[in-house]
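# Coordinate analysis (summary)
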Amino acid sequence: MNMDADQKIAQLQAEIAALESKVLSAGEAAKYQEHLEFLANTALDFLGQTDQSDIFEYIGNKLVGLIDDAIVIVNSFDVAARELQVRYIGGGEGIVDKIVAVLGRQPLEQTVILTEDTMQKMFRSANKLYQFLGGLHESSDGNIPKPVASTLETLIQANETYGITFERGGELSGTATNITKGNSRLENPKVIEGFIFQCSIALYRQHMEAELRKAKKEAEESDKLKSAFLANMSQEVRTPMNGIMGLAHLLANPEVEGETKQEYVNLILSSGNVLISLLDDIMDVSRIEARQVVASKENFRLNELMKELHGIFSTELEMMGKKVLELSHDLALEDESSLINTCLLY
C-alpha cells in the first residue's frame, strides 16, 4: 500500500512540475504579448501597403527591430529574370560602408542570378528559417567568393547566417538573410516566420493587383483597337457593296447582253465574295479573343486577286461618273507563278 501511495505521489509531483514548466513567467508573458501586438500591427500595416518599392524597406526595418544584434539583408525576386536584387541592408551603423570597403562596390541594387537548384531549395524552405552553414558564401549562392565572404564575416562579427524565402501562390517574391553578430543567437524563430508569412501574402497581393491593373489596361487598349477595326471595316464593307449595287444597276439596262452581262455577273459574285471575306474577318476578331481560332497555311493566286480588285474599283468609278479616270493593271507574273502561300484562320 505504501509503495502504491509513494508512486501516486511521485506521479502527481511530476504532473505538477510539468504544469509549472508550462506557466510563463511575468517576463515571458510580457514578451509573448509584445510579439502578438507586433504581428497584429504589421498585419494592419501590410493592408495599407500599396507601393512595392517601399515594402522591402519596411520588411527590413521591422526585422532589424525584431532580431536583436543582427544584420538584415532583404532581396526582391524577379521571376522572369530568375534573379535576386538587394533592396535593403540594415542592422548596424555604417554597415553598408563596411561592405563597400570589402566588395569595392555598392551592394544595394546588386543582382544575383539563381540556378535552378537554388530556386528549388528556396521553394522547399519557403516561409521557414534555414541556416546557411556556409555563411555569406552559401547565402549568396556562391556569388561572394569564400575569401571575400570570410573577410566580411570577420568585419561585421558574423556568428550565424539564416535565410528565409517569401513565397505565396507558388510564386517566389523575395528573400531575407539574417546574420547574428558576436555571441548572439536567433531568438523567437516562430515570430520571424509568422512575420515573413505576412510579408509573402502582402507581396503576392501586390503582384496580383499589378497583374489586374495590367489586364485592365490591355483590355482598354483592346477595346480601342476593336473600335478602330470596326470603324475601318465599315468603310471596307461599303466598297464591295457599292460595286454590287452599281453592277446591279448596269444589269438592269436591257441593252446589256452577252459577254458584257456575264462579266457584270462575275464581278457581282466577286464583290459578294469580298464582302463575305470581310464579314469573316469581323467574326475572326471575336474568335481570336475567345481563343477559338486555328491557323492554317493555304495557297491563293495573286493574279486573280488583282483582277477582282480592278473589276470592283472600275465599277465604282463608273458609278461615280468619273470618266476622266481610268484604272489599269499589269500582271507581271504568269498565273502559275502568282501562287502565294499564306496563313488563313479557321
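Structure first, text after, so check above.
Below you will find a few notes about this structure. (Residues numbered from 1 in each chain as written. Predicted model: local features only at pLDDT ≥ 70, side-chain atom pairs only at ≥ 80, totals over all residues. Heavy atoms only, no water.)

### Thoughts on a negative patch on the surface
Together, Glu171, Glu211, Glu218 and Glu221 make up a negatively charged patch on the protein surface. Of the residues forming the negative patch, the biggest block, three residues, is contributed by helix 8 (residues 189-251). Positionally, Glu171 belongs in strand 6 (residues 171-181). (Patch = residues over 30% accessible without salt bridge, like charges linked within 9 Å, V, L, I, M, F, W, Y side chains within 5 Å. Areas by Shrake-Rupley, 256 points an atom, 1.4 Å probe, with all protein chains shown as cover. Salt bridge = Lys/Arg side-chain N within 4 Å of Asp/Glu carboxyl O. Lys, Arg positive; Asp, Glu negative; His and termini not counted. Charge placed at Lys NZ, Arg CZ, Asp CG, Glu CD. Helix = DSSP H or I, 4+ residues; strand = E, 2+ residues; numbered from the N terminus.)

### Observations regarding the environment of Asn341
For Asn341, the position within the fold is in strand 8 (residues 339-345). Taking the C-alpha atoms as reference points, Asn341 and Phe300, separated by 41 residues in sequence, lie 6.6 Å from one another. Excluding residues within four positions of it along the chain, Asn341 makes contact with Lys297, Glu298 and Asn299. (Contact = heavy atoms within 4.5 Å.)

### A look at the pairing of strand 1 (residues 70-78)
Across the nine residues of strand 1, eight count as buried, placing the element largely inside the fold. In this structure, strand 1 lies alongside strand 2 (residues 83-90), joined through seven bridges in antiparallel fashion. Note on strand 2: the bridge partner recorded for Asn75 is Val86. Here strand 1 hands over to strand 2 after four residues, with Arg82 in that stretch at a positive phi of 55 degrees. (Buried < 20%, exposed > 50% of the residue type's maximum accessible area, 1.4 Å probe, protein only. Pairing = 2+ DSSP bridges.)

### Regarding the nonpolar core
The biggest cluster of nonpolar side chains holds 26 residues, and the ones touching the most others in it are Phe46, Ile59, Leu63, Ile192, Phe195 and Ile196. Going through the elements one at a time, helix 2 (26-48), helix 3 (52-66), strand 1, strand 5 (158-168) and helix 8 are the ones with two or more residues in this core. Examining the composition of this core, we find that seven residues originate from one element, helix 8, more than from any other. Not counting residues up to four positions away in its chain, the partners in contact with Phe195 are Phe38, Leu39, Thr42, Phe46, Ile59, Lys62 and Leu63. In terms of nonpolar packing, the next biggest core, distinct from the first, is built from 13 residues, Ile89, Ile99, Leu136 and Ile144 among them. (Core = buried A, V, L, I, M, F, W, Y, C linked by side-chain atoms within 4.5 Å.)

### Overview of the pattern of salt bridges
What the rule picks out here adds up to six salt bridges. Across the pair Arg205 and Glu209 runs a salt bridge, and its minimum N-O distance is 3.0 Å. Residue Arg205 and its partner Glu209 are both found in helix 8; the two are separated by four residues, about one turn of the helix. Glu220 is paired through a salt bridge with Lys216; the nearest N and O atoms lie 2.7 Å apart. With Glu220 and Lys216 both in helix 8, this residue pair falls four residues apart, about one helical turn.

### A look at the environment of Leu331
By the secondary structure assignment, Leu331 is in the loop between helix 10 (302-320) and strand 8. Along the backbone, Leu331 and Asn303 are 28 residues apart, and their C-alpha atoms lie at a distance of 6.6 Å. If we ignore the near neighbours within four places in the chain, the residues touching Leu331 are Asn303, Met306 and Lys307.

### So, the packing of helix 8 against helix 9 (residues 258-289)
The contact between helix 8 and helix 9 brings their axes to 9 Å, and the two run at 165 degrees. The pairing of helix 8 with helix 9 is recorded here as roughly antiparallel in orientation. Crossing of helix 8 against helix 9: the hand is left-handed. Considering only residue class, the contact of helix 8 with helix 9 consists of 20 nonpolar, four polar and five charged. (Axes fitted to C-alpha atoms, helices over the stretch in contact; angles between N-to-C directions. Parallel < 35°, antiparallel > 145°, perpendicular 65-115°, else oblique. Left-handed = near helix turned anticlockwise from the far one by under 90°. Nonpolar A, V, L, I, M, F, W, Y, C, P; charged D, E, K, R; others polar.)

### Details of the packing of aromatic side chains
Using the criterion set out here, one finds four aromatic pairs in the structure. When the centroid spacing of 5.3 Å and the interplanar angle of 75 degrees are considered together, the rings of Phe46 and Tyr58 count as edge-to-face. With Phe46 in helix 2 and Tyr58 in helix 3, the pair connects residues that are twelve residues apart, well separated along the chain. For the pair shown, Phe46 and Tyr58 are each scored as buried. Considering the side-chain rings of Tyr130 and Phe132, the 5.0 Å spacing of their centres and the 80 degrees angle between planes classify their relative orientation as edge-to-face. Look at Phe132 and you get buried, because its relative accessible area is 11%. Three or more aromatic residues link up through ring pairs in this structure, and these residues are Phe38, Phe46, Tyr58 and Phe195. (Phe/Tyr/Trp six-rings, centres within 6.5 Å; stacked < 30°, edge-to-face > 60°.)

### Here's the deal with the layout of surface pockets
Approximately 790 Å³ is the volume attributed to the largest pocket. If you trace the largest pocket, you find 37 residues lining it, with Leu136, Ser139, Ser140, Asp141 and Thr177 closest to the centre. Looking at the lining of the largest pocket, its residues break down into 20 nonpolar, 13 polar and four charged. (1 Å grid on protein atoms, 1.4 Å probe; cavity = no way out; pocket = protein on both sides within 12 Å on 5 of 7 lines; lining within 4 Å. Points joined across faces, edges and corners; volume = space filled by probe spheres on them.)

### Here's the deal with the side chain of Asn178
Inspection of the secondary structure puts Asn178 in strand 6. Leave out the neighbours within four places in its chain, and Asn178 touches Leu63, Ile67, Ile71, Val72, Leu129, Glu160, Thr161 and Tyr162.

### Observations regarding unusual backbone geometry
Phi is positive for Arg82, close to 55 degrees, though the residue is something other than glycine. Following the sequence through the fold, Arg82 ends up in the loop between strand 1 and strand 2. A relative accessible area of 32% means that Arg82 is categorised as partly exposed.

### Some thoughts on the packing of helix 4 (residues 95-103) against helix 7 (residues 146-155)
Between two packed helices, the angle of one axis relative to the other and the distance separating the axes together describe the packing. Where helix 4 contacts helix 7, the axes come no closer than 10 Å and their chain directions differ by 150 degrees. In terms of axis orientation, helix 4 runs roughly antiparallel to helix 7. Regarding helix 4 and helix 7, the two cross each other, and that crossing is right-handed. Of helix 7, the residues touching helix 4 (which contributes Lys98, Ile99, Val102 and Leu103) are Val148, Thr151, Leu152 and Leu155. Partitioned by chemical class, the residues of the contact of helix 4 with helix 7 number six nonpolar, one polar and one charged.

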